[in-house]
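# Architecture and fold: a report
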Amino acid sequence: MDIIDSGDASKDDKDELKYLEEMKTYFDEVELDISNNNLREEDALDILRVLEDMRLDKE
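Since the model is a prediction, treat every value here as computed from it, not as a measurement. (Residues numbered from 1 in each chain as written. Predicted model: local features only at pLDDT ≥ 70, side-chain atom pairs only at ≥ 80, totals over all residues. Heavy atoms only, no water.)

### Comments concerning the pattern of salt bridges
Note on pairing: side chains with opposite charge can pair once their charged atoms come close. Going by this rule: Salt bridge, as applied in this entry: a Lys or Arg side-chain nitrogen positioned within 4 Å of an Asp or Glu carboxyl oxygen. Numbering goes from the N terminus for both helices and strands, where a helix is a DSSP run of H or I of at least four residues and a strand is a run of E of at least two. Three exposure classes are used, based on accessible area relative to the maximum for each residue type with a 1.4 Å probe and protein chains only: buried under 20%, partly exposed in between, and exposed over 50%.
Applying the stated rule across the entire model yields 5 salt bridges. With a shortest N-O distance of 2.9 Å, lysine 11 and aspartate 15 are connected by a salt bridge. Of this pair, lysine 11 and aspartate 15 both sit in helix H2 (residues 11-35), 4 residues apart, which is roughly one turn of that helix. A residue is classified by how much of its surface remains accessible, and lysine 11, at 59% relative accessible area, is exposed. Accessibility expressed as a relative area gives 38% for aspartate 15, which makes it partly exposed.

### With respect to the packing of aromatic side chains
Two measures describe an aromatic ring pair: the distance that separates the ring centres and the angle between the ring planes. What counts is decided by this rule: Only Phe, Tyr and Trp rings take part, Trp by its six-membered ring, and two of them pair if their centres are within 6.5 Å. Stacked means planes under 30 degrees apart, edge-to-face means over 60, and tilted covers everything else.
Following the criterion strictly, the structure yields 1 aromatic pair and no others. Pairing tyrosine 26 with phenylalanine 27 gives two aromatic rings, centres 5.0 Å apart and planes at 70°, and the pair type is edge-to-face. Residue classification places tyrosine 26 among the partly exposed positions, given a relative accessible area of 42%. Residue phenylalanine 27 is classed as buried on the basis of its relative accessible area, which comes to 16%.

### Regarding unusual backbone geometry
The residue asparagine 37 is not glycine, and still its phi comes out positive at about 55°. Secondary-structure assignment places asparagine 37 in the loop between H2 and helix H3 (41-54). Of the residues examined, asparagine 37 reaches a relative accessible area of 67% and is grouped as exposed.

What follows is the structure, given as structure tokens:
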């Protein structure tokens, strides 16, 4: 966000930020669906596995 706010962001930086914001929105919606039991258990587990694979702090 600092790069975007500073005005030094390239088009790729802006595209990356937009993509990450869209991903966050999607996963927030999925989290709500899981909490509200709106997903089949199998689908919820698949999504959680993908999230686990995406973790930045994995060792």
